[in-house]
Amino acid sequence: MVWSLVVWIITALLILGVLTQRWWEPRLADKRFDLRAFPWRWYFAGFPAVAIRMRWRWKQVCLINDLSISRQPRRTVVGDMVVKGDALRQVMPRIGLPHVTPTGLVVRIRLNQGQTPAPFLAAAEALEHAWEVHRVRVTSPRRREVLVTVTARDPLAEEPMSEVAHRPKVLLARVGRIEDGGAWVLDFKKVPHWLVVGATRSGKSTLLAALVRELAPQPVALVGIDCKGGMELGLFGRRLSALASTRKEAGALLVALVDEISKRMAQCRSAQVRSVWELPDAERPVPVVVLVDELAELYLTDGSRESRDEAARCSTHLLRLAQIGAALGLHLVVSGQRVGSDLGPGVTALRAQLGGRIAHRVNDPTTAEMALGDLSPEAVDVAQLITEEEQGVAVTTIGGRWMRARSVLTTTEEARQTAAESAHLAPELPVLVEAINKEGGNA
Ligand SMILES: Nc1ncnc2c1ncn2[C@@H]1O[C@H](COP(=O)(O)OP(=O)(O)O)[C@@H](O)[C@H]1O
Ligand SMILES: [Mg+2]
């Protein structure tokens, strides 16, 4: 009993091996073959399921789509009458054994005498539904035969397997929950820059804290700009590689960051790569996440020349970082109560660069519109329904759809503890600290 089972399993594996031979043979010969990129799930679960479905539903599919023929004439004489109709016995075209490919399968169909490929071409969509696959393509390379190429899932819908496997687990932060119960994840590799809006006490700083807590254990430099005296981000001070708590300091910090990014740009250019992620591990500079709490603080002026210059300097450099930072490992998270052009020139351009959007409760419809309007008008309405009691609740866009989400609350004690535990992981960026100290000294 046991032995016969073993023999069956071995036979099945051998058959599978032969069926998949066309795929694995050239790859095994290739030294760069990566096991992690192998579509295991498709080969061992998806393919058998689709193959069984094809067999199981073949007769029905043929009958419904007129792919079968009847050997009997459509008219017959019963007594004195000629009766017209479909014969009960239909002959299906013969479907061959499916051959598995990395993305789907290929199967040949032998046409019956007198059939043409036309009804099969027309039935492609019906086959997609019957077999529950992404795409069915029908061709007729030879007479009396049609070749059906099945793509199981949309290959464009997901990243290539090898890229997913190689993606380091950095710059991913679980900041809370989304309304369908799943985790609310900010993925900076996919969406490099984020805009967070919301009225006072709507949950902006709490979201930034959740973000810092998640990124703290990762090999990421965190840089804070908190011009309300650094009260929010200051809690994480020991984990931050630099913290600017006045606008003067912020200006100096942003200038230093643009310098740093320009160096990275030169490095990428000389290595002939398009982003820091393509550099060898040893040479890759550490990713930097710049968190700006209360954007308006950077733009407000008291009318004096000096403060106007300062604001302009911040605006220009922040925009520059947003424009070129993503490929060079610099990411922005900008929070503010308002993000309209009334703050100053450059805000609209900055907003356009911040692709990720999160809107908490807002005071005015325009802010919700500015944050979410260009992505989804529906989301704007939902954002305006957030009540004062729902602190931390926000509307965000995930994968092209909008979603309600809520950040996790980080208490002051937890923030301090996170900073203490991960202080040793803070990458040192002395140029930034020096720039801030110099301004601090001047002030
Ligand atoms: N996700 C959340 N869950 C529970 N309470 C929250 C949440 N977010 C914010 N709060 C509450 O709201 C208060 C104000 O949030 P905060 O993040 O400081 O708002 P903002 O920075 O937008 O002014 C917090 O002190 C906290 O009590
Ligand atoms: Mg705040």
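Residues numbered from 1 in each chain as written. Chains lettered and ligands numbered in written order. Predicted model: local features only at pLDDT ≥ 70, side-chain atom pairs only at ≥ 80, totals over all residues. Heavy atoms only, no water.

### Digging into the overall build of the protein
Inference 1: Of regular secondary structure, the protein possesses 15 helices and 19 strands.
Inference 2: The C-alpha radius of gyration of the protein comes to 31 Å, more than 25% above the 22 Å expected for a compact globule of 443 residues.
Inference 3: In terms of its C-alpha atoms, the protein occupies a principal-axis envelope of roughly 110 × 55 × 45 Å.
Inference 4: Relative to its 443 residues, the protein shows a buried fraction of 44%.
Inference 5: In the protein, the proportion of contacts linking residues at least 24 apart, taken out of those at least 6 apart, comes to 64%.
Inference 6: When the accessible surface of the protein is totalled, it reaches about 24500 Å², and 55% of it is carbon and sulfur.
Inference 7: Across the protein, 56 positive and 48 negative side-chain charges occur, with their mean positions spaced 12 Å apart. (Helix = DSSP H or I, 4+ residues; strand = E, 2+ residues; numbered from the N terminus. Rg over C-alpha atoms; globule rule 2.2 N^0.38 Å. Buried < 20%, exposed > 50% of the residue type's maximum accessible area, 1.4 Å probe, protein only. Contact = heavy atoms within 4.5 Å. Areas by Shrake-Rupley, 256 points an atom, 1.4 Å probe, with all protein chains shown as cover. Lys, Arg positive; Asp, Glu negative; His and termini not counted. Charge placed at Lys NZ, Arg CZ, Asp CG, Glu CD.)

### Observations regarding the domain arrangement of the protein
Inference 1: Domain annotation of the protein identifies domain 1 (42-70 + 85-153) and domain 2 (167-442).
Inference 2: Placing a centre on the C-alpha atoms of domain 1 and another on those of domain 2 gives a separation of 52 Å. (Domains from an automatic or database assignment.)

### Focus: the packing of aromatic side chains
Inference 1: Under the criterion given, the structure shown has three aromatic pairs.
Inference 2: Their ring planes at 15° and their centres at 5.9 Å tell us that W40 and F44 sit as a pair that is stacked. One end of the pair, W40, and the other, F44, are both in helix α3 (residues 40-64), four residues apart, so they sit about a helical turn from each other.
Inference 3: On the basis of relative accessible area, W40 is assigned to the partly exposed category, the value being 43%.
Inference 4: Exposure remark for F44: the relative accessible area of 47% places this residue in the partly exposed category.
Inference 5: Look at W42 and F47: their rings are 6.1 Å apart centre to centre, the planes differ by 70°, and that puts the pair in the edge-to-face class. One exposure class covers both W42 and F47, and it is buried.
Inference 6: One cation-aromatic arrangement involves K189 over W277; the distance from NZ or CZ to the ring centre is 3.8 Å. (Phe/Tyr/Trp six-rings, centres within 6.5 Å; stacked < 30°, edge-to-face > 60°. Lys NZ or Arg CZ within 6 Å of the ring centre and 35° of its normal.)

### Let's talk about the packing of α3 against helix α5 (residues 124-131)
Inference 1: Interaxial distance between α3 and α5 falls to 9 Å at its minimum, and their mutual angle equals 125°. Relative to α5, α3 is oriented oblique. α3 and α5 meet at a crossing whose hand is right-handed. Each of V50, R53, M54, R57, W58 and V61 in α3 lies in contact with α5, whose residues at this interface are L127, A130 and W131.
Inference 2: For the contact of α3 with α5, the class distribution of residues is seven nonpolar, no polar and two charged. (Axes fitted to C-alpha atoms, helices over the stretch in contact; angles between N-to-C directions. Parallel < 35°, antiparallel > 145°, perpendicular 65-115°, else oblique. Left-handed = near helix turned anticlockwise from the far one by under 90°. Nonpolar A, V, L, I, M, F, W, Y, C, P; charged D, E, K, R; others polar.)

### Describing unusual backbone geometry
Inference 1: We note that L171 has phi near 65°; this positive angle belongs to a residue other than glycine.
Inference 2: Position of L171 relative to the elements: it lies in the loop between α6 (161-166) and β10 (172-178).
Inference 3: On the basis of relative accessible area, L171 is assigned to the buried category, the value being 0%.

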